[in-house]
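Residue-level structure breakdown
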Amino acid sequence: QVQLVESGGGLVQAGGSLRLSCTASRSIFSINVMGWYRQAPGKQRELVATITRTGNTVYADSVKGRFTVSRDNAKTTLYLQMNSLKPEDTAVYYCNAENAYGIRDVWGQGTQVTVSS
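Now for a description of the structure that goes with this document. Owing to the predicted nature of the structure, the values given are computational and were not obtained by experimental measurement. (Residues numbered from 1 in each chain as written. Predicted model: local features only at pLDDT ≥ 70, side-chain atom pairs only at ≥ 80, totals over all residues. Heavy atoms only, no water.)

Section: the overall build of the chain
Condition: Segments assigned H or I by DSSP are reported as helices when at least four residues long, segments assigned E as strands when at least two residues long, and all are numbered from the N terminus. C-alpha atoms define the radius of gyration, and 2.2 Å times the number of residues to the power 0.38 defines the globule rule. Throughout, exposure labels follow a simple rule: accessible area from a 1.4 Å probe, protein chains only, divided by the maximum for the residue type, with under 20% read as buried, over 50% as exposed, and the rest as partly exposed. Contact between two residues is taken to exist if any of their heavy atoms lie within 4.5 Å; hydrogens are not considered. In this description, accessible areas are obtained by the Shrake-Rupley approach with a 1.4 Å probe, and a residue is regarded as covered only by the protein chains that are shown. When charges are tallied, Lys and Arg are placed among the positive residues and Asp and Glu among the negative ones, while His and the ends of the chain are skipped. Charged groups are reduced to one reference atom each: NZ for lysine, CZ for arginine, CG for aspartic acid, CD for glutamic acid.
Helix and strand counts for the chain stand at zero helices and eleven strands. The order of helices and strands in the chain, counted from the N terminus, is β-β-β-β-β-β-β-β-β-β-β. In terms of overall size, the chain behaves like a compact globule, its C-alpha atoms giving a radius of gyration of 13 Å where 117 residues would be expected to give roughly 13 Å. Going through the 117 residues of the chain one by one, you find that 44% of them count as buried. When contacts within the chain are restricted to residue pairs at least 6 apart in sequence, long-range pairs at least 24 apart make up 53% of them. Carbon and sulfur atoms make up 48% of the accessible area of the chain, which totals about 6100 Å². Each charge sign in the chain was given a centre, from 12 positive and 8 negative side chains, and these centres are 3 Å apart.

Some thoughts on the pattern of salt bridges
Think of it this way: side chains of opposite charge can pair up when their charged atoms draw near. Applied cut-off: One side-chain nitrogen of Lys or Arg within 4 Å of one carboxyl oxygen of Asp or Glu is enough to make a salt bridge.
All chains considered together, the criterion is met by four salt bridges. The residue Asp61 makes a salt bridge to Lys64 at a minimum N-O spacing of 3.1 Å. Linked by salt bridges that have partners in common, Arg38, Glu46, Arg66 and Asp89 make up one network.

Quick notes on the state of the cysteines
We apply this condition: Any two cysteine sulfur atoms within 2.5 Å of one another count as a disulfide.
Taken as a whole and assessed by the stated rule, the structure comprises one disulfide. Here Cys22 connects covalently by a disulfide to Cys95, the sulfurs 2.0 Å from one another. With the S-S dihedral at roughly -75°, the linkage between Cys22 and Cys95 falls on the left-handed side. Of this pair, Cys22 sits in strand β3 (residues 18-24) while Cys95 sits in strand β9 (residues 91-97); the two residues are 73 residues apart in sequence, bridging distant segments of the chain. A residue is classified by how much of its surface remains accessible, and Cys22, at 1% relative accessible area, is buried. On the basis of relative accessible area, Cys95 is assigned to the buried category, the value being 0%.

Next comes the structure, spelled out in structure tokens:
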């Protein structure tokens, strides 16, 4: 089973940008759907964005126009470019991938993103 490691989180002021990376332990070429989720304190984990192997994307309404998900199959890496960050974007961000059976149950350990006002 592929393992995922996120990086790139940190503290940023409102209006700033961050780029998250998710590095897989093997090629992600065969993984159809990968994505980013986030969980704020006291809230349920929610979808941020997903991307298919062919580049089709889906975004949560709250991040449309500000966040961009991309993947580099050759480098086994998934990215999340986050611009115009808001305090409500503060959360732990998790990388996600489908397993061999097409179930989205492969998770990274998470990376903290904190946006100050």
